[in-house]
Amino acid sequence: MILGRAFEDMCAQMYYRGKMFGFVHLYNGQEAVSTGFIKLLKQQDSVVSTYRDHVHALSKGVPARAVMSELFGKTTGCCRGQGGSMHMFSREHNLLGGFAFIGEGIPVATGAAFTSKYKREVLKEADCDHVTLAFFGDGTCNNGQFFECLNMAALWKLPIVFVVENNLWAIGMSHLRATSDPQIYKKGPAFGMPGIHVDGMDVLKVREVAKDAIGRARRGEGPTLVECETYRFRGHSLADPDELRDPAEKAHYAARDPITALKKYLIENSLASEADLKAIDKKIDEVVEDAVEFADESPVPSQSQLLENVFADPKGFGIGPDGRYRCEDPKFTEGTAHV
Amino acid sequence: MAATFHGVGATVAALSSSSSSSSPSNSFGSKKLLSSPSRSFSVRKRASFTMVRSEGSMNFDLNSKGRRAQQLIANAVATKADSSPASSSSKPGHELLLFEALREGLEEEMERDPRVCVMGEDVGHYGGSYKVTKGLATKFGDLRVLDTPIAENSFTGMGIGAAMTGLRPVVEGMNMGFLLLAFNQISNNCGMLHYTSGGQFTIPIVIRGPGGVGRQLGAEHSQRLESYFQSIPGIQMVACSTPYNAKGLMKAAIRSENPVILFEHVLLYNLKERIPDEDYICNLEEAEMVRPGEHVTILTYSRMRYHVMQAAKTLVNKGYDPEVIDIRSLKPFDLYTIGNSVKKTHRVLIVEECMRTGGIGASLIAAITENFNDYLDAPIMCLSSQDVPTPYAGTLEEWTVVQPAQIVAAVEQLCQ
C-alpha cells in the first residue's frame, strides 16, 4: 500500500514537471482494495483493471521501474511505451490490462475465467484453478457489459470475482445521481451470485472478504460480486479540478486513510514498531526514486518501433505491388513505410 | 433480370446448370497451354501446405474469342476451369455446399487443436442459424461449442479474453449486423490490444458470420460491415465466396495469430462445389484469379462475384475479354495480383455490395490510384450498392444492389 501511495504521489509530481502526459488517474485512497485482493493471488491468476491501473499493476508484481517507464513513454516500459497510463499489461504477471473505456475489461476478465474453466474441463488440466479478478468502479455498474458478464459468469460458474471499487464518483457524477438503486452489492443475487459489501478503507476486512470470494472461485463454486466502499483522495485524473466534491466528505474519508489505519493497528497490536514502519517508508521512497531515475535514463522509442506489434503476424500488412509481403520491405523495420 | 440471385434455390439452380455446361472442359483444346508446372503454385514462396487451386464451379461459355484469349495466357497465376481440383491429386474430392465446407474447415481445425472453440448465439444445440456448426456441440461438448446469451459486446470481449489467455475462439455473429453491438470490443481490444500491450498478448480470434443483402431481409439484416470495420488497425478481413475458399479461409483464419474477420454471405451458403479431400488452406492475404482476361480488370468479392460472372457471359458473347479477380482479402488488399492485372488491362471496374460511401471500393480506388495511376487508360469505375437502407420490397431491394446488366453497361463504357 505504501508503494502504491508513494508511487502515485510521484506520478503527480512527474506529471506537473512535464515527464508524462495525457490522462493519468491516480489511486490514492483506494490502496486497501488492491492490496487486500491481489496479494492473495498466485502469479498465474489474472487481474483485469481499468484506467486507474498503476497500483493494480504494482500489486500484481509488475516492477515499479517498468510502470514508471511506461508512464514516461519509454521503450523500457511494460508495454514498450505503446500503452501508457491507461493500458498497463504484463504477460508475465498476468495483468490483462489497463482499459480506457469503462466496462471494456469486464468481458475480457470473463474470457480469462472461461479459459481457466476450459483448461480444467476440456483440456483436462485437472489442477487448473486459476482465478480472475475484475476491478472496476461505480460508474461501470450502470453499463451493459457489467450486467451481461454477471449473467454469463453466474451461468457458467466461472472462476471470477467482480470487485467494485465504489468511490462514489464517476468524474463529476455522483453515484447517487446516476444509479436507481445505489446498493451495488444487491445486484449480485439477482444474477445468482453472492453480493458482499465491505469497508474498502480497511485492508484487513477487504482481505477477509477476498479470501472467501477467491476461495469460492478456486473451488469451482462460481463468481462473487464484492462492493468495496472506498474513496479517491485526488480528482478523477490529474486534469480534474475536483470542485464538485464536498470538503466534508473528503475530510471524512481522509480520516479513514487505509495506510494510517493499518499503521495504527500494527503499532497498537505490537506487530511492528515505529522504526519498522519508518524503515518501510524509506525503502519505498528509494524504490520509487530508483524507478524515476531508471525511467528518466531509458531511451524513447525509435521510429523503427512504430510498425512493430500492430500484428502478431506481420503478414497481415499484406502483399505489396512487387509481390513480396510488405513487412519484408526494409522501410517496415525502419518504421518509415506507410501502411 | 433472369439470373439474379434472389433465392437460395435460384442460386443453386443457376450454378449447377452452368457448371454442367463447362465441366466437359476438354472442349478447350488449349487446355495444355495452361498446364505448365507452375500452374497451381504461384510465383511467390508458399508455406508448406498443399495449395490446390480450383475453379471447378466457375462457368463460362467461351466462344472462339475466349479461346484466343486463353492461348495468350501461357502462364496464368491461377488455374481456370480446366479440371476439377482433384486432378492434381490422387483422391477424387468430395462435393458439398458452402456452409458444409465452412463446417468441415472448422471441424478439422477443432480436431487438430483442442484450443479451438466456438462461441455464439445458437451455435451449439441449434447448430447455428445457417447450420455452419451443426453437430459440433454433440461431438465436442457444450463448453467447446458455447451457446451464449444475447450479449454480443460481452461475448465477443469474452472471446478476446479467452484468446489472450491461450484459447483460439471462433466467435459467430448470427448476422454480421449484430456485431455492430460488439464494435467496442472489436475495435479497441481485438484490433488494438496487441499493440497497446507492447506485443505481449496475441488475439488469435476469428470473428465470422453472414452479412450482405439477402432476400428481403430488411434493412438491419442486410448490412455490409466490412466498410465499417476496415479502418480498424490490427485486424484482417477476408470474404469467402466459394465452398473451396470458404473452407480454406476458415482454416487459415483459425491458424492465424492475427485477429481475422471472415465475412460470409447469406445467399451463398448453398453453393455446391467439389473440393479436395486433402488438407489445404487459402492464403489470407491473396486474391483469387477467377477468369483471366485482357480487356478490363473487374475486382469483386463475395456475392457480387456471381453477378460479375453472369455479366461476363454476356460480355464474352459481345466480344469482350474481362479479367475477373475475387479480391477475397478485404484488408489488406493483394496489391500484387491486382497490380499485375491493372498493368495488363489498363482498365478497372470494381463491383461491390458495400455502400457507395466509404466502402471497400472507395479504399480500393484510392489504393489503385496511389500505386498504379500510370497504368490506367481510364478512370476507375466503381459499382456499389446505393447509399440507401435496404428496402424490404423486392423490387426496391433489387435496385439497391448492383445487377449484371449494370456491370455489362459499365464495361462497355469503360472499354470505349
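Residues numbered from 1 in each chain as written. Chains lettered and ligands numbered in written order. Predicted model: local features only at pLDDT ≥ 70, side-chain atom pairs only at ≥ 80, totals over all residues. Heavy atoms only, no water.

Q: Would you take a moment to explain the overall build of chain A for this structure?
A: Helix and strand counts for chain A stand at 13 helices and seven strands. Relative to the globule expectation of 20 Å for 339 residues, the C-alpha radius of gyration of chain A, 21 Å, shows essentially globular dimensions. With respect to the three principal axes, the spread of C-alpha positions in chain A is 70 × 50 × 40 Å. Counting all 339 residues of chain A, 54% fall into the buried class. At a minimum sequence separation of 6, the contacts of chain A that also span at least 24 residues come to 72%. When the accessible surface of chain A is split by element, carbon and sulfur atoms take 54% of a total near 14000 Å². (Helix = DSSP H or I, 4+ residues; strand = E, 2+ residues; numbered from the N terminus. Rg over C-alpha atoms; globule rule 2.2 N^0.38 Å. Buried < 20%, exposed > 50% of the residue type's maximum accessible area, 1.4 Å probe, protein only. Contact = heavy atoms within 4.5 Å. Areas by Shrake-Rupley, 256 points an atom, 1.4 Å probe, with all protein chains shown as cover.)

Q: Where do I start with the sheet that holds strand β10 (residues 296–300) of chain B in this structure?
A: Sheets are built from strands paired through backbone hydrogen bonds, the pairs being either parallel or antiparallel. Residue and element names in this part refer to chain B. The strand order across the open sheet formed by five strands is β9-β11-β10-β13-β14, and the pairing between neighbours is mixed. Each edge of the open sheet is held by one strand with a lone partner, namely β9 (288–291) and β14 (381–385). Going across the sheet, the axis of each strand differs from the next one's by a mean of 25°, ignoring polarity. Here strand β13 (residues 348–355) pairs with β14 via four bridges, running parallel. Paired with I350 across the strands is C382, a residue of β14. The strands touched by helix α11 (residues 304–317) are β9, β10, β11 (322–326) and β13; relative to β11, the strand with the most contacts, the crossing angle is about 170°. (Pairing = 2+ DSSP bridges. Axes fitted to C-alpha atoms, helices over the stretch in contact; angles between N-to-C directions.)

Q: Before we go on, may I ask you to explain the interface of chain A and chain B in this structure?
A: Put simply, an interface is often sized by how much accessible area is lost when its parts join up. With 52 residues of chain A in contact, the opposing surface of chain B contributes 52 residues. The contact between chain A and chain B buries some 4300 Å² in all, and 64% of this surface belongs to carbon and sulfur atoms. Taken together, the links from chain A to chain B amount to zero salt bridges. Scanning the region where chain A abuts chain B turns up 21 residue pairs in polar contact (both at pLDDT 80 or more). (Buried area = accessible area lost by both parts, 1.4 Å probe. Salt bridge = Lys/Arg side-chain N within 4 Å of Asp/Glu carboxyl O. Polar contact = N/O pair within 3.5 Å; in protein donor to acceptor, adjacent residues only side chain to side chain.)

Q: Quick question: what am I supposed to make of empty space enclosed by the protein here?
A: Picture a little ball the size of a water molecule; that probe, rolled over the atoms, points out where space is still empty. Residue and element names in this part refer to chain B. Scanning the model with the defined rule gives ten cavities of 30 Å³ or more in all. Of the voids in this model, the largest cavity is the one considered here, and its volume is about 80 Å³. Contributing to the lining of the largest cavity are G211, G212, R224, E226, A239, F263, E264, H265, Y301, S302, R303 and E353. Counting residues per element, the lining of the largest cavity draws most heavily on strand β7 (residues 260–265), at three residues. The class makeup of the residues in the lining of the largest cavity is three nonpolar, four polar and five charged. Composition of the lining of the largest cavity by domain shows at least three residues from each of domain 1 (2–19 + 86–275) and domain 2 (286–414). (1 Å grid on protein atoms, 1.4 Å probe; cavity = no way out; pocket = protein on both sides within 12 Å on 5 of 7 lines; lining within 4 Å. Points joined across faces, edges and corners; volume = space filled by probe spheres on them. Nonpolar A, V, L, I, M, F, W, Y, C, P; charged D, E, K, R; others polar. Domains from an automatic or database assignment.)

Q: Before we go on, may I ask you to explain helix α5 (residues 105–121) of chain A in this structure?
A: Each α-helix winds once per 3.6 residues, and so residues spaced three or four apart point in a common direction. For α5(A), which comprises 17 residues, the first-to-last C-alpha distance of 24 Å matches the rise-based estimate of 24 Å (1.5 Å per residue) to within 8%. Counting buried residues in α5(A) gives 15 out of 17 residues, a clear majority hidden from the surface. (Expected span 1.5 Å × (residues − 1).)

Q: Is there a simple way to explain the pattern of salt bridges in this structure?
A: Pairs may arise between side chains of opposite charge once their charged atoms sit close together. If you walk through the whole model with that rule in mind, you get 41 salt bridges over all chains. Two residues, K19(A) and D296(A), come together in a salt bridge whose shortest N-O distance is 3.0 Å. Here the residue K19(A) occupies a position in the loop between α1 (2–16) and α2 (31–38), and D296(A) occupies one in helix α12 (residues 274–297), the gap between them amounting to 277 residues. Judged by its relative accessible area of 29%, K19(A) falls in the partly exposed class. The partner of D321(B) in a salt bridge is R291(B), and the shortest N-O contact between them spans 2.7 Å. Of this pair, D321(B) sits in the loop between α11 and β11 while R291(B) sits in strand β9, and the two are 30 residues apart along the sequence. The buried category is assigned to D321(B), whose relative accessible area is 6%. Overlapping salt bridges bring together E104(B), E108(B), E109(B), R112(B), K247(B), K251(B), R255(B) and D279(B) as one network.

Q: Whenever I open this one, the packing of aromatic side chains confuses me. Can you help?
A: Two aromatic rings, taken as a pair, are described by how far apart their centres are and by the angle between their planes. In the structure shown here, the tally under the stated rule is 15 aromatic pairs over all chains. A centroid spacing of 5.0 Å and a plane angle of 65° characterise the contact between F317(A) and F332(A), whose relative ring orientation is edge-to-face. Here F317(A), found in the loop between α12 and α13 (330–334), pairs with F332(A), found in helix α13; they are 15 residues apart in sequence, far enough to count as distant. Taken as a pair, F317(A) and F332(A) share a single burial class, namely buried. Above the ring of Y325(A), the side-chain terminus of K315(A) is found at 5.8 Å from the ring centroid. Looking at K131(B), its charged tip hangs above the ring of Y126(B), at a distance of 4.2 Å from the centre. (Phe/Tyr/Trp six-rings, centres within 6.5 Å; stacked < 30°, edge-to-face > 60°. Lys NZ or Arg CZ within 6 Å of the ring centre and 35° of its normal.)

Q: What am I meant to see in the sheet that holds strand β2 (residues 132–137) of chain A here?
A: All names here are of chain A. Read across the open sheet, the five strands follow the order β1-β2-β3-β7-β6; overall the sheet is parallel. The sheet is open, and its two borders are formed by β1 (46–48) and β6 (195–199), each paired with just one other strand. Strand after strand, the sheet turns through a mean of 20° between neighbouring axes, direction not considered. Bridge count between β2 and strand β3 (residues 160–166): six bridges; the pairing is parallel. Paired with F135 across the bridge in β3 is V163. With respect to the sheet, α2 is in contact with β1, β2, β3 and β7 (224–229), its orientation differing from that of β2 by roughly 170°.

Q: Would you explain the UniProt feature "domain: Transketolase-like pyrimidine-binding" (unreviewed entry) in chain B in this entry?
A: According to UniProt, the feature "domain: Transketolase-like pyrimidine-binding" (unreviewed entry) maps to residues 96–271 of chain B in the numbering used here. Between the C-alpha atoms that bound residues 96–271 of chain B the distance is 8 Å, and the span itself is 36% helix and 18% strand. (UniProt positions renumbered as here; feature names shortened; annotations may be inferred.)

Q: Whenever I open this one, the nonpolar core confuses me. Can you help?
A: Most often, soluble globular proteins keep nonpolar side chains buried together rather than apart. Formed by 135 residues in total, the largest nonpolar core has its most connected members in F37(A), M68(A), F114(A), L133(A), F162(A), F229(B) and I368(B). Examining the composition of this core, we find that eight residues originate from one element, α1(A), more than from any other. Membership of the second largest hydrophobic core comes to 37 residues, among which are M110(B), A246(B), L262(B) and Y269(B). (Core = buried A, V, L, I, M, F, W, Y, C linked by side-chain atoms within 4.5 Å.)

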